[in-house]
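# Residue-level structure breakdown
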Amino acid sequence: MDKYSILKKYFGYPSFREGQELMIDSILNGQDVLGIMPTGAGKSICYQVPALLLPGITIVISPLISLMKDQVQSLNQAGIHAAYINSSLTESQISKALRLAAAGQYKIIYAAPERLETYEFMQFAYQAEISMLTVDEAHCISQWGQDFRPSYLKIVQFVRRLEKRPVISAFTATATEKVKEDILCVLGLLNPRTLVTGFDRKNLYFAVETPAKKDIYTMRYIKEHEAESGIIYCSTRKNVDKLYEKLAAAGVLAAKYHAGLGNEERRQNQEDFIYDKKPVMVATNAFGMGIDKSNVRYVIHYNMPQSLENYYQEAGRAGRDGEPSECILLYSAQDVVVSRFLLDSKEPNDEQTREEAAQVRERDEERLRAMTRYCQTTDCLRGYILRYFGENGQLRCENCRNCTREYEETDITKEAQKIISCILEVRQRYGINVTAGMLAGESRAKLREYGVSQYEAFGSLKEYKENEIKAMIQVLLAEGLLLMTADRYSLLKVLSGADEVMQGNRQVIWKKAKQNPQQAASEKKTDKNSLRRSDLLNSKGLELFERLRALRMEIAREKSVPPYVIFSDKTLVDMCVKAPFEKQEMMKVTGVGENKYEWYGERFLKVIFEFSGGEREKYYFGETDPVQPRSEYVQQGTARAKKADFYLTKDQAERFPYAERYLAAEIAEQLNELRDEQTTKKTSGAELFRRMQAEEYAGEKRINGIWKKYVTNKGQEAGLFIGMRSSRTGKEYEDIYYGEKAQRMIVEHMIKM
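Residues numbered from 1 in each chain as written. Predicted model: local features only at pLDDT ≥ 70, side-chain atom pairs only at ≥ 80, totals over all residues. Heavy atoms only, no water.

## Remarks on the overall build of the protein
Basically, it comes down to this: Elements are defined by DSSP. Helices are runs of H or I of four residues or more, strands are runs of E of two residues or more, and each kind is numbered from the N terminus. Burial here depends on accessible area, computed with a 1.4 Å probe over protein chains only, as a share of the maximum for the residue type. Under 20% is buried, over 50% is exposed, and the range in between is partly exposed. Contact criterion: two residues are considered in contact whenever any of their non-hydrogen atoms come within 4.5 Å of each other. Only the protein chains shown count as cover for residues, and the accessible areas themselves come from Shrake-Rupley with a 1.4 Å probe. We count Lys and Arg on the positive side and Asp and Glu on the negative side, and we leave His and both chain ends out. By convention, the point assigned to a charge is CZ for Arg, NZ for Lys, CD for Glu and CG for Asp.
Counting its secondary structure elements, the protein contains 32 helices and 24 strands. Overall, the C-alpha framework of the protein stretches about 85 × 70 × 60 Å when taken along its three principal axes. A buried classification covers 54% of the 753 residues belonging to the protein. Across the protein, every contact between residues at least 6 apart in sequence was considered, and the portion connecting residues at least 24 apart equals 70%. Accessible surface, the protein: about 35300 Å² in total, of which carbon and sulfur atoms supply 47%. If the 110 positive side-chain charges of the protein are averaged to one point and the 106 negative ones to another, these points end up 2 Å apart.

Okay, here's the thing in structure tokens:
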């Protein structure tokens, strides 16, 4: 059986997603790999498929019990024998699982990193044939990562003790360049194939809101989306308990999760959420890693997280099935104070030197500053996130709150001068709250205690509300004119650039949203790109969809597994679109493999046949299959054919116009001109550069906070070189050019015989 047969038989997919085949082929060739792929991109397929083709056992190191249980349930439902080894099992259960694994009963074993150093597990490892060791959530091995777990260092010791070193594969969804380098180094990957498919989750809508009452906003949002499942993250247990009580009192079917609850209560609440008994989960960040619930339609952050790494990982639990979903962060200035308090309360790592601890603290502070800037920016939110992770984020994505919100620009240069003068007058001794209150001329007790009324700046901006002054101060912070200190008091300091403002040589613009931010969720722009697949079903299609969902829930209860383990919503929608009457037709539905058909297929066919009365009927809008992107289909007579990934025929390749040098985007443009646009997808400059990275011809690294591309010695030999180019604004910067030798190498690679 080959990789394509396994993909269809066990997982029900007709083709691999971007990057999966590259990872799989590298593993099968005996090469270590590191895959940095966004949540929902199919990382697990990258190691599960080769695990079934390799001769021995694959051990998957996973950080959480819930993640292991979820993965093993899904594999067993697909007909793949797998097991997990962790503290939730008794010693006799662990012994039995290891005995069966050694006898060849299981192809994949999930284990907690702590398990690797136990005597029984090492005895199993010595006698078993281990073909691959997979490190899931690989960022946990880096002390620069947001979830550093010292127990992950046991993986390195475990590999060294094995008589024969297996292939090592590592995967994560979020990793900055520093974390990526740490993973490669600490795990000791040998000549690894590295793949970064990008961090963009196009199906996610991002928004930052600043409601006066967060609980009222949250309650209204949940009521407006009561048919949907969502997660609400709070920064403290206290906030979780308070919000949960309000939701429960309002009749919302919600569960809660934090470290202060007992093990059994946490387990039961998590199951209620996963099984859709309680579709809303209110939790701290202790909840979520490894929760593969595919139909989470929204994630609300009630408080600002401490880093963009944490935020993107938690927000990424929405829309794992590829359906449009919403990620909303409710921001207030108090969130920064709470986050800094949590950083101050962070337990030091005994294994770190004083210098390392100071570096980690500075890293945490910089992450907090970057997170705060995200909450305050008026630029594209998606672009901000992508640039943070080292990608070239577009200026406008048209699928975030900032891109769909209308702004009005106000010149606040004079106001900025008064703010700067105030901070200098009080000798930079106060934070944002005292400064804003003083400028507004407030007379509350704390301000009287500080005696702020004696200063000339007192009341100099009394025509503004205090919140408006705070917003102006945030503009000055974002412009790099002011700085908030990293200590617990967060004092405002004036930076050198403020001199230009004071001298009238620099203008300060405040972009204010025109509409009431409380109306944001209901008034955001919608278009065909934000429609969910179920939205594309007509009225009868939606009725059939609900009947299939009811059957799925019935089977899930019978099997004691989450509904999405049976079939995802995406698969159910595809059933409605294809409306199969027999096995051959059902096997063409995405997500239906042979084993799942044998177990459940006939029951779903029966519901479809009874619903339709045996008559062929169309259950969706439009002319093409809405489950697949429309651009991937072309008409060939009356049939629809999926476009192939980019390739050239030999005749097409011979027409490529070679030049002295090209940029990657220019090569892609020339290649796309040569292809058959009716049958072949486009390629892109970004895709070409990712290929160069994967083949170690070129790469990117962060220098003084700026991402710069570089060419390796191997790349120079292949004809790549660094040159200067100009942006639209006339600013010069370095980029990679491809000489004729490199162009010929790329074109030759694209030829399909």
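## Digging into the nonpolar core
What counts here: Here, the term nonpolar core denotes a set of buried Ala, Val, Leu, Ile, Met, Phe, Trp, Tyr and Cys residues that are joined through side-chain atoms within 4.5 Å.
Residues Phe-11, Tyr-110, Phe-158, Phe-206, Tyr-311, Leu-329 and Tyr-374 are the most contacted members of the largest nonpolar core, which totals 112 residues. Apart from the residues within four sequence positions on either side, Leu-329 is in contact with Ala-207, Val-208, Glu-209, His-301, Met-304, Pro-305, Tyr-311, Met-371, Tyr-374 and Cys-375. In this structure, Ile-274, Ile-555, Ala-556 and Leu-572 belong to the second largest nonpolar core, which totals 33 residues.

## A look at the sheet that holds strand S8 (residues 204-209)
In a beta sheet, neighbouring strands are held together by backbone hydrogen bonds and run either parallel or antiparallel to one another. Cut-off, in case you're wondering: We call two strands paired when DSSP finds no fewer than two bridges between them. The angle between two axes is taken between their N-to-C directions and runs from 0 to 180 degrees, where each axis is a line fitted to C-alpha atoms and a helix contributes only its stretch in contact.
As summarised here, the arrangement of the six strands in space is S8-S13-S12-S9-S11-S10, forming an open sheet in which the pairing is parallel. Each having just a single partner strand, S8 and strand S10 (254-257) make up the two edges of the open sheet. Averaged over all pairs of adjacent strands, the angle between strand axes in this sheet comes to 15°, irrespective of strand direction. Where strand S12 (residues 296-301) and strand S13 (residues 325-330) come together, four bridges link them in parallel fashion. Along S13, the bridge assignment pairs Val-299 with Cys-327. Sitting on the sheet, helix H12 (residues 308-315) is in contact with S8, strand S9 (229-233), S12 and S13, with an inclination near 150° to S12.

## A few points about helix H1 (residues 3-11)
Put simply, the rule is: Read the arc as the range of directions from the helix axis to the C-beta atoms.
What H1 keeps buried is the set Lys-3, Ile-6, Leu-7, Tyr-10 and Phe-11. Seen from one end, H1 has its buried residues packed into an arc of 100°, which puts them on one side. Packed against the buried residues of H1 are helix H2 (20-28), helix H3 (43-53), helix H4 (65-77) and helix H27 (594-612). At the C-terminal side of H1, Gly-12 shows a positive phi close to 80°.

## Looking at a negative patch on the surface
Filter applied, for reference: Residues with no salt bridge and a relative accessible area higher than 30% make up the patches, which join like charges within 9 Å and nonpolar side chains (Val, Leu, Ile, Met, Phe, Trp, Tyr) within 5 Å. The rule for a salt bridge is simple: a side-chain nitrogen of Lys or Arg has to be within 4 Å of a carboxyl oxygen of Asp or Glu.
Residues Glu-666, Glu-669, Glu-673, Asp-676 and Glu-677 make up a contiguous surface patch of negative charge. On the secondary structure map, Asp-676 appears in the loop between helix H29 (664-674) and helix H30 (685-694). Residue class for Asp-676 comes out partly exposed when judged on its relative accessible area of 36%.

## Observations concerning the pairing of strand S4 (residues 108-111)
Where we set the bar: Every crossover in which the path from the first strand over the helix to the second runs clockwise, viewed with the strands pointing away from the viewer, is termed right-handed.
Of the two faces of S4, the one carrying Ile-108 and Tyr-110 and the one carrying Ile-109 and Ala-111 are both buried. Relative to S4, strand S3 (residues 82-85) runs parallel, the two sharing four bridges. Bridging across to S4, Tyr-84 finds its partner in Tyr-110. Chirality of the crossover, the property in question, places the unit of S3, helix H5 (residues 91-102) and S4 among those that are right-handed.

## Considerations on the packing of aromatic side chains
Cut-off, in case you're wondering: Between the rings of Phe, Tyr and Trp (Trp by its six-membered ring), a pair exists once the centres lie within 6.5 Å; its type follows the angle of the planes, with under 30 degrees stacked, over 60 edge-to-face, and the other angles tilted. By definition here, charges over rings are those cases where NZ of Lys or CZ of Arg is within 6 Å of the ring centre and within 35 degrees of the ring normal.
Here the structure, examined in full by the defined rule, presents 22 aromatic pairs. In textbook terms, an aromatic cluster arises when at least three aromatic residues are bridged by ring pairs, as seen for Phe-199, Phe-206, Tyr-312, Tyr-388 and Phe-389. Over the aromatic face of Tyr-302 sits the side chain of Lys-214, whose NZ or CZ is 5.8 Å from the ring centroid. Seen from the ring of Tyr-697, Lys-714 lies directly overhead, with NZ or CZ sitting 4.8 Å from the centre.

## A look at the packing of H30 against helix H32 (residues 740-750)
Convention followed: Note on terminology: angles under 35 degrees are roughly parallel, angles over 145 are roughly antiparallel, angles of 65 to 115 are roughly perpendicular, and the others are oblique. Any residue that is not Ala, Val, Leu, Ile, Met, Phe, Trp, Tyr, Cys, Pro, Asp, Glu, Lys or Arg is counted as polar, Gly included; the first ten are nonpolar and the last four charged.
Their axes nearest at 13 Å, the elements H30 and H32 cross at an angle of 100°. Classified by the angle between their axes, H30 and H32 sit roughly perpendicular to one another. Counted together, Leu-688, Arg-691 and Met-692 of H30 and Met-745, Ile-746, His-749 and Met-750 of H32 form the full contact between these two elements. By residue class, the composition of the contact of H30 with H32 is five nonpolar, one polar and one charged.

## Some words on the environment of Ile-473
Note that Ile-473 resides in helix H20 (residues 466-478). Residues within four places of Ile-473 in sequence aside, it is in contact with Ile-419, Ile-432, Thr-435, Ala-436, Leu-482 and Leu-492.

## Here's the deal with the pattern of salt bridges
Inspection of the entire model under this criterion finds 38 salt bridges. One salt bridge connects Glu-466 with Arg-444, and the closest N-O pair in it is separated by 2.7 Å. In this pair, Glu-466 is assigned in helix H20 and Arg-444 in the loop between helix H18 (432-440) and helix H19 (445-450), connecting sequence segments 22 residues apart. Look at Glu-466 and you get buried, because its relative accessible area is 16%. A salt bridge links Glu-598 to Lys-583; the shortest N-O distance between them is 3.2 Å. Residue Glu-598 is located in helix H27, and its partner Lys-583 is located in helix H26 (residues 583-586); the two are separated by 15 residues in the primary sequence.

## Considerations on the confidence of the model for the protein
Quick reminder of the rule: pLDDT: the predictor's confidence for each residue, scored from 0 to 100.
Mean pLDDT over the protein works out to 85, with 90% of the residues at or above the 70 mark. When mean pLDDT is taken per element in the protein, S13 scores highest with 96 and strand S18 (residues 633-636) scores lowest with 34. Counted against residues more than four places away or in other chains, residues 517-530, with its pLDDT under 50, gives 23 contacts. Here residues 627-641 scores under 50 on pLDDT; set against residues more than four positions off or in separate chains, the count is 29 contacts.

## Concerning the packing of H2 against H3
This is how the line gets drawn: Throughout, a crossing is termed right-handed when the near helix is turned clockwise from the far one, and left-handed when it is turned anticlockwise from it by less than a right angle.
Running from N to C, H2 and H3 cross one another at 35°; their axes reach a closest spacing of 9 Å. Judged by the twist between their axes, the crossing of H2 over H3 is right-handed. For the pair H2 and H3, the contacting residues are Gln-20, Met-23, Ile-24, Ile-27 and Leu-28 in the first and Ile-45, Cys-46, Val-49, Pro-50 and Leu-53 in the second. Taken together, the residues of the contact of H2 with H3 break down into nine nonpolar, one polar and no charged.

## Some thoughts on the side chain of Gln-20
You can see Gln-20 is positioned in helix H2. In this structure Gln-20 touches Met-37, Ala-41, Gly-42, Ile-45 and Cys-46, once residues within four positions along its chain are discounted.

## Remarks on H12
By the criterion of burial, H12 is predominantly enclosed, with eight of the eight residues buried. Regarding H12, the residues found buried are Leu-308, Glu-309, Asn-310, Tyr-311, Tyr-312, Gln-313, Glu-314 and Ala-315. Of the surrounding elements, those touching the buried residues of H12 are S8, S9, S12, S13, helix H14 (354-376) and helix H15 (381-388).

## Quick word on unusual backbone geometry
Notably, Glu-137 is not glycine yet its phi reads approximately 50°, a positive angle. Inspection of the secondary structure puts Glu-137 in the loop between strand S5 (130-135) and helix H7 (154-161). At Gln-428, a residue that is not glycine, the phi angle is positive and equals roughly 55°. Mapped onto the fold, Gln-428 is located in the loop between helix H17 (413-425) and H18.

## Section: the pairing of strand S2 (residues 57-61)
Burial analysis of S2 places five of its five residues in the buried class, which makes it a mostly covered element. Side chains Ile-57, Ile-59 and Ile-61 of S2 all project onto a buried face; the interleaved residues Thr-58 and Val-60 project onto the opposite face, where all are buried too. Relative to S5, S2 is paired through five bridges, and the arrangement is parallel. Looking at S5, one finds that Ile-61 is bridged to Val-135. As paired strands, S2 and S4 are joined by four bridges and run parallel to one another. Across the sheet, the residue bridging to Ile-59 is Ile-109, located in S4.

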